[in-house]
Every structure is written in C-alpha cells, then in structure tokens.
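# Summary of the model geometry
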Amino acid sequence: MSRFKVISLIVAFVSFILVGCGEKEKPAQVSKEINVRLQSSITSLDPIKVVDANTIQVIYNAYSHLYKMDENGNLVKDLVEKIEPKEGKKVWVVKIKEGVKFCVSGKEVTADDVKYSLNRVWKSPYSKVSWIFRDLKDIKKLDKYTVELVFNNPIDLPKYLSLPQVAIISKESMEKGTIESAGPYYISSTANNKVVLN
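Because the structure is a prediction, the values reported are computed rather than measured.

### A closer look at the sheet that holds strand 7 (residues 136-143)
Here four strands make up an open sheet; going across it, the order is 5-6-8-7 and the pairing antiparallel. The open sheet has two free edges, formed respectively by strand 5 (80-86) and strand 7, since each of these has just one partner strand. In this sheet, neighbouring strand axes are inclined to one another by 15° on average, regardless of whether the strands run parallel or antiparallel. Bridge count between strand 5 and strand 6 (residues 91-96): six bridges; the pairing is antiparallel.

The structure is reproduced here in structure tokens:
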C-alpha cells in the first residue's frame, strides 16, 4: 500500500472517531430581548411625533396598532377584532380585541385608550399625520371595546390605521406623563444609538 493511501486512511479514521465523539449540538437559546443598533438616535418615543426611519422601526415593533402591514405589504389586523364601514364609508365602527394588556401596567387596552390615541393623532399640534383625519367629525366610544369614527366624506380608513404614528397608547399612563404601549415588545432602554426591546 502506498504511503499516501495509508495517510489518507489514518486521517479518515481519526476524522470518523472525532466526529463520532463530538458533543451533541445544543439547541439554540431564544433571547427574550431584541437589541437594535441604529444609525442615529431615536427622535421621540411619542408615536405621533415620529417621521424618521430609525424611530419608525422602533415604534412599529414596540407599539400595537389597529392594523399593521405584514412582511409582504398586506394589511393585517393587530388590535382590531372587527371593523365595519357604514353610510358609504363615512362612518366606521371599530371593535378591538378583548384581553390585550399594556406591557408595564398590565392594564387592559380599552376603547378609552383607542379614542384617546386617535384624538391625539387628529388634534395634537405635534401630530405628523393629522392630515389623515382632516375630514373627521367625531370619535365616539360605543362600549368598552368599540369606537365609532364619523367623517364628512368617505374614507378607506384601515390603511391609515396601520401608519406607525397611529399607535395605541395608554390614556392613563400618558395623562401621568409616560408613554406605555401594548406591542409585542416594550422599550426597556435607549442610549447611544441603541434601543433595547424586551
């Protein structure tokens, strides 16, 4: 047998033994935190004030909306259980899902929070998307989980409810000077162009 064949057999045998004796692969551990490195600092944690791409990325992941866009650009329900247009799309009745909780307080999201959040988008001088509600006449709470939006003219409302600035926040927390979301993650820290979502 040639020297090359002998060396090849020894290498193959040793490789076989080493592979066979290797440690079993450990399952990957799933982190409960997302670290997002941004090109610049986020501009605000208040969704209605947001216009830059970095902050929009954070807001869209940390806050719940009535609708969101999926990875293919399709409109999907987020907090909405049911939505019903009336009077030729001049009136929209929006029922939210029951049992959704805000991340920190554990308080349930209700129609009061939805009405409050939509009123801020509509009436706040800081709102960057108030134009979507330029034809809005009124927002009424119908029950604990239902609001009604009344417009002067027909509107295709669901697509506007998916904008990052139209996030649903806690009325109670906001009135105390903090912003609380009900998204899949909450913002646990922001510093040095880094945002940690838990």
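### So, helix 3 (residues 111-123)
With 13 residues, helix 3 ought to run about 18 Å at 1.5 Å a step, and its terminal C-alpha atoms sit 18 Å apart, in line with that. By the burial criterion, the buried members of helix 3 are A111, D113, V114, S117, L118, N119, R120, V121 and W122. Of the surrounding elements, those touching the buried residues of helix 3 are strand 6, strand 7, strand 8 (146-151), strand 9 (167-168) and helix 5 (171-175).

### Observations regarding the nonpolar core
Of all hydrophobic cores here, the largest spans 32 residues; its most connected members are L66, L118, F133 and L149. Going through the elements one at a time, strand 5, strand 6, helix 3, strand 7 and strand 8 are the ones with two or more residues in this core. In terms of residues, this core owes the most to one element, helix 3, which gives five residues. Ignoring any residue separated from it by four or fewer positions in sequence, one finds L66 in contact with K77, D78, L79, V80, V94, I96, V114, L118, L161 and I168.

Rules behind the numbers
Residues numbered from 1 in each chain as written. Predicted model: local features only at pLDDT ≥ 70, side-chain atom pairs only at ≥ 80, totals over all residues. Heavy atoms only, no water. Pairing = 2+ DSSP bridges. Helix = DSSP H or I, 4+ residues; strand = E, 2+ residues; numbered from the N terminus. Axes fitted to C-alpha atoms, helices over the stretch in contact; angles between N-to-C directions. Expected span 1.5 Å × (residues − 1). Buried < 20%, exposed > 50% of the residue type's maximum accessible area, 1.4 Å probe, protein only. Contact = heavy atoms within 4.5 Å. Core = buried A, V, L, I, M, F, W, Y, C linked by side-chain atoms within 4.5 Å.

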